[in-house]
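Architecture and fold: a report
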Amino acid sequence: MLRQFQSGATAQAESQYAGSTMAYHEFYQDDFRPRDHYLPMWEHIQSAGQQMLGAKAHEAHLTLHTEGVTFTVYSNQDEGIERVWPFDILPRIITADEWCIIEAGLKQRIRALNLFLKDLYHGQLILKDGVIPPELIYRGKDFRREIMDIDPPHDIYTHISGIDLIRDEDGRYLVLEDNLRTPSGVSYMIENRIVERRILPEFFARYRVRRVEHYPALLLQALRHLSPRGADSATIVVLTPGVYNSAYFEHTFLAKEMGVELAEGRDLVCENDKVYLKTTHGLRQVDVIYRRVDDDFLDPLVFRPESTLGVAGVIGAWRAGNVALVNAPGSGIADDKAVYGYVPDIIRYYLGEEPILPNVPTYQMTDPEDRAYVLDNLERMVVKAVAESGGYGMLMGPTSTPGQRADFARRIAENPRNYIAQPVVQISRHICYLDGELESRHLDLRPFVIYGKDIEVVPGGLTRVAMTKGSLVVNSSQGGGSKDTWVLAN
């Protein structure tokens, strides 16, 4: 029989662990009783036993392997770069009341960030009014002067967003990071749900879980809404850098689910400020490009001239209003980690509202006082390079060595604009079934937001799990895993 999670030995170990980290636990309360919304699942786990969980975990891995659900890791090529997507079978459950707050906060944030981008590339009133230091924007590598005064369809810049959320020691949801350029992970959110439904239908029988599988339909509807020639006649392509990109599985998945073409830059050509897809029947005009190619490589006539991944002339076609680009080029300045600290002010400035979802406290290294404080307390800080993602370019102060801290102190002094710092937040934990045992691991949540005719927040998201005990790094590129995320209906 499965060992009782709140039994004496386990409870004592968990209590010591919780005491050292003070992390909020998603699954159980302070007295080690499961929270009310986890009771049906917990009762089934207790009655079915450890053998059932082991068999289900094995079945999940085989299913993901058979279906080719993989991701790419470049850090250890001796073991091969393709890995089966790491998946924990015990779902994370979010109540309807909690989700109402998350949904409202995300819609507010995306609405404000979209207005911010429109302003930055037109009147720049927020800079003139002194809400954000102009040099912070102009020195950002993702501020694209080349697209000034371009009007994207319906004035939408942030069509697809993945906003990273965490829960602090008190259980409050905080925004950790905004992903507005080419956010990834939605295919894994859907695959997690498909696998979970297949191997654990008895769990779903005990809950009313809102669906996430309709994401491709929502995305397709939003893309059609952007078409310059109208939604009914829209030709849409997913532009991929190619098979060697770490998110190529997702590119193929979304193109297939939406029933649109997957194209590389060489498959497209621009003529007379219009974009065409090369087909066996000749050229076919393209109306919407869901591009998974970074700005730098998108158009060699505007950005990097040596790029072969993009399409020469596509920015000219976008400027002329003959094609929609998703997400809009230049959106990256709004998810710059140095700009992140100003998002609450951005919300107040454009919407006249207080932020529903707060930020993690953030120190700006361009501020002399903030910088001095951080340099004196590096062992207590998380330092992030503003232009990096995936857990790269980051210093985890509590687990760092003196040499690493000295290295980051030098980097900060040489280029303060390139770094921010945040206090270590003991992000929430959840039980996971690992190697035949139930153990707690830290996790975060990336919900996905689609901005088309309206702003839609998919009820769920990608829950990323730090599979290493005690680690706060959840990125799959750094050894993290994932869970299915259930949002309960009222």
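Placed above this text is the structure.
The structure contained in this document is the topic of the report that follows. Just so it is clear, the structure is predicted and the values come from calculations on it, not from any experiment. (Residues numbered from 1 in each chain as written. Predicted model: local features only at pLDDT ≥ 70, side-chain atom pairs only at ≥ 80, totals over all residues. Heavy atoms only, no water.)

What follows is about the overall build of the chain. Helix and strand content of the chain: 15 helices and 22 strands. For the chain, the spread of C-alpha atoms along the three principal axes comes to 75 × 60 × 50 Å. In the chain, which comprises 490 residues, the proportion classed as buried is 55%. Relative to all contacts within the chain whose residues are 6 or more apart in sequence, the contacts with residues 24 or more apart total 68%. Carbon and sulfur atoms form 48% of the exposed surface of the chain, whose accessible area is close to 20300 Å². Within the chain, one finds 52 positive and 67 negative side-chain charges whose respective centroids are separated by 1 Å. (Helix = DSSP H or I, 4+ residues; strand = E, 2+ residues; numbered from the N terminus. Buried < 20%, exposed > 50% of the residue type's maximum accessible area, 1.4 Å probe, protein only. Contact = heavy atoms within 4.5 Å. Areas by Shrake-Rupley, 256 points an atom, 1.4 Å probe, with all protein chains shown as cover. Lys, Arg positive; Asp, Glu negative; His and termini not counted. Charge placed at Lys NZ, Arg CZ, Asp CG, Glu CD.)

This part takes up the sheet that holds strand 14 (residues 381-385). Spatially, 13-16-14-15 is the arrangement adopted by the four strands of the open sheet, whose pairing is antiparallel. Each edge of the sheet is formed by a strand with only one pairing partner; in this case those strands are strand 13 (363-364) and strand 15 (394-396). Direction of pairing for strand 14 relative to strand 16 (residues 419-423): antiparallel, over a ladder of five bridges. Note on strand 16: the bridge partner recorded for Met381 is Pro423. Contacts between helix 15 (residues 402-414) and the sheet are confined to strand 14, strand 15 and strand 16, with strand 15 contributing the most and set at about 135° to the helix. (Pairing = 2+ DSSP bridges. Axes fitted to C-alpha atoms, helices over the stretch in contact; angles between N-to-C directions.)

What follows is about the nonpolar core. Ranked by size, the top nonpolar core spans 136 residues in total, and within it Tyr215, Leu268 and Ile289 carry the most contacts. Per element, the largest residue contribution to this core is nine residues, and it comes from helix 4 (residues 96-120). Formed by eleven residues, the second largest nonpolar core is a distinct cluster that contains Val374, Ala385, Tyr419 and Ala421. (Core = buried A, V, L, I, M, F, W, Y, C linked by side-chain atoms within 4.5 Å.)

Orientation of helix 9 (residues 215-225) relative to helix 10 (residues 248-258), taken along the N-to-C sense of each, is 75°, at an axis distance of 9 Å. Classified by the angle between their axes, helix 9 and helix 10 sit roughly perpendicular to one another. Judged by residue contacts, Tyr215, Pro216, Leu219, Leu220 and Leu223 of helix 9 engage Leu254, Glu257 and Met258 from helix 10. Here the residues of the contact of helix 9 with helix 10 are counted per class, giving seven nonpolar, no polar and one charged. (Parallel < 35°, antiparallel > 145°, perpendicular 65-115°, else oblique. Nonpolar A, V, L, I, M, F, W, Y, C, P; charged D, E, K, R; others polar.)

In this sheet, strand 9 (residues 274-279) lies alongside strand 8 (residues 268-271) in antiparallel orientation, the contact comprising four bridges. Paired with Cys270 across the two strands is Val275, which belongs to strand 9. In this antiparallel pair of consecutive strands, strand 8 and strand 9, the connection spans two residues, and Asn272 shows a positive phi of 55°. Following strand 9, the chain reverses through two residues before pairing antiparallel with strand 10 (residues 282-286).

Below, the discussion takes up the packing of aromatic side chains. Counted by the stated rule, this structure contains 15 aromatic pairs. Where Tyr215 meets Phe448, the ring centres are 6.4 Å apart and the plane angle is 70°; that geometry is what we call edge-to-face. Of this pair, Tyr215 sits in helix 9 while Phe448 sits in strand 19 (residues 448-451), and the two are 233 residues apart along the sequence. You'll find Tyr215 and Phe448 in the same group, each marked buried. Where Tyr363 meets Tyr373, the ring centres are 5.3 Å apart and the plane angle is 35°; that geometry is what we call tilted. Of the two residues, Tyr363 is situated in strand 13 and Tyr373 in helix 14 (residues 368-376); the sequence distance between them amounts to ten residues. Site record: aromatic cluster; members linked through ring pairs are Trp85, Tyr188, Phe249 and Phe253. (Phe/Tyr/Trp six-rings, centres within 6.5 Å; stacked < 30°, edge-to-face > 60°.)

Its place among the elements puts Asn192 in helix 7 (residues 186-199). On the accessibility criterion, Asn192 (1% relative accessible area) is buried. A polar side-chain atom of Asn192 sits 3.3 Å from a polar atom in the side chain of Ser482. In this structure, Asn192 is in contact with Trp85, Phe87, Leu462, Ser482, Lys483 and Asp484, ignoring residues within four places of it in sequence. (Polar contact = N/O pair within 3.5 Å; in protein donor to acceptor, adjacent residues only side chain to side chain.)

Right, let's get into the packing of helix 7 against helix 10. Where helix 7 meets helix 10, the closest approach of the two axes is 9 Å, and the angle between their N-to-C directions is 70°. It follows that helix 7 is roughly perpendicular to helix 10 by the angle criterion. Facing Val186, Ser187, Tyr188, Ile190 and Glu191 of helix 7, the residues of helix 10 in contact are Phe249, Glu250, Phe253 and Leu254. Across the contact of helix 7 with helix 10, the residue classes tally to six nonpolar, one polar and two charged.

The values are spatial; any link to function lies outside them.
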